[in-house]
Amino acid sequence: MDSEGRNQPPPPPSEPSMPSSTAATASAKLKIAGAWSGILDADLNRWTTTTLREEVAKRANCGSECIKLICSGKIIKDGEDGKTKTLLDWGLKGTSKVLATRVSPEQGKALRDESLAEAERAKRLARIRAAATSLSKRHADGTLPIEDFNIEMEDQSGNKVELGSEANQQGVMMGLMLHANGKRLIKKQKYKDALDVLEMGEEAFSLCDPKVIEMVDNVPILQIDIVWCYFMLRDISWLSMAGVRLAKAREGFECSHGKDATRVRLLQAGRSPELPMYLRLDLLEGVVAYHSGLYDQSRKALTSAKVKYQQLQVSDESLSLLMSMGYKERAARKALRITNQDVESAVNFLIEEKEKKILRHQDDIRRRNEIMEQKTYGMTPLKKPVNLEKLNELVSIGFEKTLAAEALRRNENDFQIALDSLTNPETNSTLQSYLESKKRKRERLGSQIFSAVEMQSLEGMGFDRARVEDAMRTFSTREEILNSLTLSDSDIFNVNNGVGSSNVTQESGDGMGNDHGTDTEIGGIDVEMENEIAHDLNGDPLEDYIFEFTIEGDAITEYMTLLDSV
């Protein structure tokens, strides 16, 4: 019975009542040993590692940075994955025993710095993933890009590539972006970070149709780059996985390059751009075989790598000859390696590369201008840009450009429906009225922007805001407004009321193409990270194959020596 004597119904049998404290908290008595020994009452749902460390440090009479916590043989650190974890997240229970060891202040600082660095690293990886996802989505689905550039895929001949479905286009594009970012980290010798980014790229590629992936060699190259990170980190724990990845790479190359790289040779007119990548593949296969105890297999792979390494060595005479013609050393080496040391073919290759670079630059300018033009027309109901080819066709018939663009925009780029709208007097009049209204709105917006700037400027001169507002309502030009403000109150109404118009307008392009400046994040878009990722995409279709291989040469010698000792 309750305090008023009324009977209370028992709780339903299917929902037994529980003490409210157990539902809200996960209280536990943790046994602590080491720097301080005892039992701590801890709320596992709310306490973080930082909380526990501070409580132990308080009882051990030392700073929290000097306490290292170990549970179940694992060091528990703050923000290891970039998030704040509770003790419950770490798997601690009421029966858990925690070892608290005291470290020197220097060690404590190093642990704290390591923890902060790990958290920062996890945060940066999350930013890279989010930026690559956002960029690939905007540039793969045919919508108008926010930026003044457009990301497109090319084959080794520089031709645009379409991969069918939007999902395939986005998946491959995202994979390429992450791969490019990972390669930049490899160049900076940040192999651990590169490994995480490359694995994200692998995940993006895995979302695509396998038949599409078989057509491109980016995935096999990515597998090799991942194993290269294993090798540079000297992490033997990845040995079995390395073997699987290299087998996938070999199989992938056979699909995309053809057996013995016959297809790529045909596409490259007999040249051999793929040789450095096959050199690295042979070397890594030899290293994995050696550590697996397969010495004969290792020697075979390393011997193949050595042959390719020697084949790629450039003679000083050939290099000097090309450099005497005005070519830079790096470009000359690249040309000689790709053309099997044939000087004449190397010169032809360099001339072709220069012509392609000029054409690519011109194409980039043309496409950027197209994007800027498309932004002025706005987007279709399905968020697509106005099709410029169809627009130019309508203009060639004799229709005014902005009118034709509006007809296409409204009708989802359907040429025939847009043509019907333009030839119908009623719909044509409606389109013209809309465009005129839009023009007046832009002019009014421009005038408002001018007024706001002018207001701030005049107030900065010391004029009263009320007088400034009154003058701006009465007069149009800056000269007239200033004259009215500098006159006495009795003279204001004697000034002739001139008529003027502001030429300040703002083409909003339906909110697209605004100048973002150097802001880090605008409208939910991580501008800084997206620019970094876009910068990694240099447009050179042979970039994957061109790298220096001094490390490979040293590694071949090292493992051949190890094999000889075995």
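Note that the structure is a prediction, hence the values are computed from the model and not measured. (Residues numbered from 1 in each chain as written. Predicted model: local features only at pLDDT ≥ 70, side-chain atom pairs only at ≥ 80, totals over all residues. Heavy atoms only, no water.)

Our focus in this paragraph is the overall build of the protein chain. Helix and strand counts for the protein chain come out as 22 helices and seven strands. Of all 566 residues assigned to the protein chain, the portion counted as buried reaches 39%. A sequence separation of at least 24 residues applies to 63% of the contacts in the protein chain between residues at least 6 apart. Accessible surface, the protein chain: about 31,900 Å² in total, of which carbon and sulfur atoms supply 52%. (Helix = DSSP H or I, 4+ residues; strand = E, 2+ residues; numbered from the N terminus. Buried < 20%, exposed > 50% of the residue type's maximum accessible area, 1.4 Å probe, protein only. Contact = heavy atoms within 4.5 Å. Areas by Shrake-Rupley, 256 points an atom, 1.4 Å probe, with all protein chains shown as cover.)

Here Arg 184 shows up in helix α4 (residues 166–187). Judged by relative accessible area, Arg 184 falls into the partly exposed class, the value being 21%. Sequence separation between Arg 184 and Ile 533 is 349 residues, and the spatial gap between their C-alpha atoms is 9.9 Å. The contact partners of Arg 184, leaving out residues within four places of it in the chain, are Arg 124, Glu 532 and Asp 536.

Once that is clear, we can look at helix α17 (residues 415–423). Inspection of α17 places Ala 418, Leu 419, Ser 421 and Leu 422 among the buried residues, and these make up the whole buried set. Along the axis of α17, the buried residues cluster in a sector spanning 160°; they form a single face. The opening residue of α17, the one whose side-chain oxygen lies 3.2 Å from the backbone nitrogen of Gln 416, is Asp 414. (Arc of directions from axis to C-beta. Polar contact = N/O pair within 3.5 Å; in protein donor to acceptor, adjacent residues only side chain to side chain.)

Quick look at the sheet that holds strand β4 (residues 74–75) now. Strand order in the open sheet formed by five strands is β2-β1-β5-β3-β4, with mixed pairing between adjacent strands. With one partner strand each, in any of the chains shown, β2 (38–43) and β4 form the two edges of the open sheet. With five bridges joining them, strand β3 (residues 67–71) and strand β5 (residues 97–102) adopt antiparallel strand pairing. In the sheet register, Cys 71 faces β5, and the bridge partner there is Val 98. Those strands touched by helix α2 (residues 49–60) are β1 (27–34), β2, β3 and β5, and its axis lies near 120° from that of β3. (Pairing = 2+ DSSP bridges. Axes fitted to C-alpha atoms, helices over the stretch in contact; angles between N-to-C directions.)

As far as function goes, none of this settles anything; it's purely spatial.
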